[in-house]
Amino acid sequence: MSDDRSAPSDTRQSLADLAALTQTPPPPAPEPVAEVTQAEDNIPPEFDAPPAPPQGIQAILREQQIDKQGRAYATGRRKDAVARVWLKPGSGKIVVNGRDQEVYFARPTLRLVINQVFDVAERRESYDVVCTVKGGGLSGQAGAVRHGISQALARYEPSLRVAVKQAGFLTRDPRVVERKKYGRAKARRSFQFSKR
């Protein structure tokens, strides 16, 4: 009985052939760099060129956005709270819903949250803030005011946007309360299980 299938051809190569195929040509020699001569006024080499901006950060400034009264407006949100913020140059007074911040946010930690933006931007007591905030609790409202102040400060002084954004204050915190599910006591809490 004859086998009409042809025998497979041997495509294997010797190790010498494989070595010749896998060899890469040597990289070309680098071109000589011209020597940079210093000016006659003896400027140190580290000061002759401005530093390049860090990678990944845009050096293009946005336009200043202010209204007819010279204020920057922004909306801040956190949890269920929404804050409308107006910012203008002043002595550092912050008014929340018609009351001073020490009265409205009695806890020092909440006032610290609000003033974090000015500390990062090194603008403490440089701007007056008037804001209205509604919804949520005091903690969420303080976070919403901080978010609004960050946005308004970046619109009033676009050069501060990079510092405020790197601190994470321009990003809206997406964490909200998880919804309650049917068949459970809360979002994840189950009712007590009884085996018998």
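Our subject is the structure listed above.
Every chain begins its residue count from 1, and numbering advances along the sequence as written. Residues qualify for local features only when their pLDDT is at least 70, as the model is predicted, and side-chain atom pairs are given and counted only at 80 or more; totals for whole chains, interfaces and linings, by contrast, use all residues. Hydrogen atoms and water are omitted, and side-chain values are computed over all heavy atoms in the structure.

A. Local environment of the packing of aromatic side chains. What counts as a ring pair is set by centres within 6.5 Å for rings of Phe, Tyr and Trp (its six-membered ring), and what kind of pair is set by the plane angle: stacked under 30 degrees, edge-to-face over 60, tilted for all other angles. One pass over the structure, following the stated rule, counts three aromatic pairs. Residues tyrosine 73 and tryptophan 86 carry aromatic rings whose centres are separated by 5.2 Å and whose planes lie at 45 degrees to one another, so their mutual orientation is tilted. Placement of tyrosine 73 in strand S1 (residues 72–78) and of tryptophan 86 in strand S2 (residues 81–89) is noted, with a sequence separation of 13 residues between them. Taking relative accessible area as the criterion, tyrosine 73 reaches 31% and is therefore assigned partly exposed. Under the scheme used here, helices are H or I runs from DSSP no shorter than 4 residues and strands are E runs no shorter than 2 residues, and both carry numbers assigned from the N terminus. Only protein chains enter the accessibility calculation, which uses a 1.4 Å probe; a residue is then buried when its area is under 20% of its type maximum, exposed when over 50%, and partly exposed in between.

B. Broad picture of the packing of helix H3 (residues 108–121) against helix H4 (residues 138–156). A fitted line through C-alpha atoms represents every axis, and for helices the fit uses only the stretch in contact; the resulting angles, taken between N-to-C directions, go from 0 to 180 degrees. Here H3 crosses H4 at 15 degrees, and the two axes come no closer than 8 Å. With respect to their mutual orientation, H3 and H4 come out roughly parallel. When you trace H3 past H4, the crossing you get is right-handed. Along its contact with H3, which presents Leu110, Val113, Ile114, Gln116, Val117, Phe118 and Ala121, the element H4 presents Leu138, Ser139, Ala142, Gly143, Val145, Arg146, Ile149, Ser150 and Leu153. Classification convention: Asp, Glu, Lys, Arg as charged; Ala, Val, Leu, Ile, Met, Phe, Trp, Tyr, Cys, Pro as nonpolar; all other residues, Gly among them, as polar. Classifying every residue of the contact of H3 with H4 by side-chain character gives 11 nonpolar, four polar and one charged. Roughly parallel refers to an angle under 35 degrees, roughly antiparallel to one over 145, roughly perpendicular to one between 65 and 115, and oblique to any angle outside these ranges. In this scheme the crossing of two helices becomes right-handed for a clockwise turn of the near helix relative to the far one and left-handed for an anticlockwise turn of less than a right angle. The contact criterion used throughout is that any non-hydrogen atoms of two residues lie within 4.5 Å.

C. Seen up close, unusual backbone geometry. Phi is positive for asparagine 97, close to 50 degrees, though the residue is something other than glycine. Its location among the elements puts asparagine 97 in the loop between strand S3 (94–96) and strand S4 (99–100). The phi dihedral of glutamate 122 is positive, around 55 degrees, even though this residue is not glycine. The exposure class of glutamate 122 is exposed, given its relative accessible area of 67%.

D. Layout of the nonpolar core. Within this scheme, the nonpolar core is defined by two criteria: the residues are buried Ala, Val, Leu, Ile, Met, Phe, Trp, Tyr or Cys, and they are joined through side-chain atoms within 4.5 Å. In this structure, Leu87, Phe105, Val145, Ile149 and Leu153 are the most contacted members of the largest nonpolar core, which totals 31 residues. When residues of this core are traced back to their parent elements, those giving at least two are S1, S2, S3, H3, strand S5 (127–134) and H4. Counting residues per element, this core draws most heavily on H4, which supplies eight residues. Leaving out residues up to four positions away in the same chain, leucine 153 has contacts with Leu87, Val117, Ala121, Tyr127, Leu160 and Val164.

E. How the structure looks around the side chain of serine 150. Tracing the chain through its elements places serine 150 in helix H4. The residues contacting serine 150, other than those within four sequence positions of it, are Val117, Val164, Phe169 and Leu170.

F. Summary view of H3. A helix's residues, less one, multiplied by 1.5 Å, set its expected span. Compared with an ideal rise of 1.5 Å per residue, which puts 14 residues at 20 Å, H3 spans 20 Å between its outermost C-alpha atoms and is within 8% of the ideal. Every buried residue of H3 is listed here: Leu110, Ile114, Asn115, Val117, Phe118 and Ala121. At its buried positions, H3 is contacted by S2, S3, helix H2 (101–104), S5, H4 and helix H5 (161–166). Glutamate 122 sits one or two residues past H3 and shows a positive phi near 55 degrees.

G. The arrangement of the layout of surface pockets in detail. A pocket here means an open set of points on a 1 Å grid, computed over the protein atoms alone, that has protein on both sides within 12 Å along at least five of seven lines. A cavity is instead a set of points where a 1.4 Å probe fits but cannot get out; residues with an atom within 4 Å of a point line either one. Grid points are joined across faces, edges and corners, and a volume is the space filled by probe spheres set on the points. Put simply, the second largest pocket is a space of about 180 Å³. Residue lining of the second largest pocket: 13 residues in total, with Arg78, Val113, Gly143, Arg146 and Asp173 positioned closest to the centre. At the level of secondary structure, the elements contributing two or more residues to the lining of the second largest pocket comprise S1 and H4. Examining the composition of the lining of the second largest pocket, we find that five residues originate from one element, H4, more than from any other. Taken together, the residues of the lining of the second largest pocket sort by class into three nonpolar, five polar and five charged.

H. Broad picture of the sheet that holds S2. Pairing is mixed across the open sheet formed by five strands, whose spatial order is S1-S2-S5-S3-S4. Here the strands that pair on one side only, and so sit at the sheet edges, are S1 and S4. Sheet analysis places S3 next to S5, joined by three bridges and oriented parallel. Residue isoleucine 94 lies in a different strand from S5, and its bridge partner there is valine 129. H3 rests against S2, S3 and S5 of the sheet, and its axis sits at about 145 degrees to S3. DSSP-based pairing: two strands are paired if at least 2 bridges between them are found.

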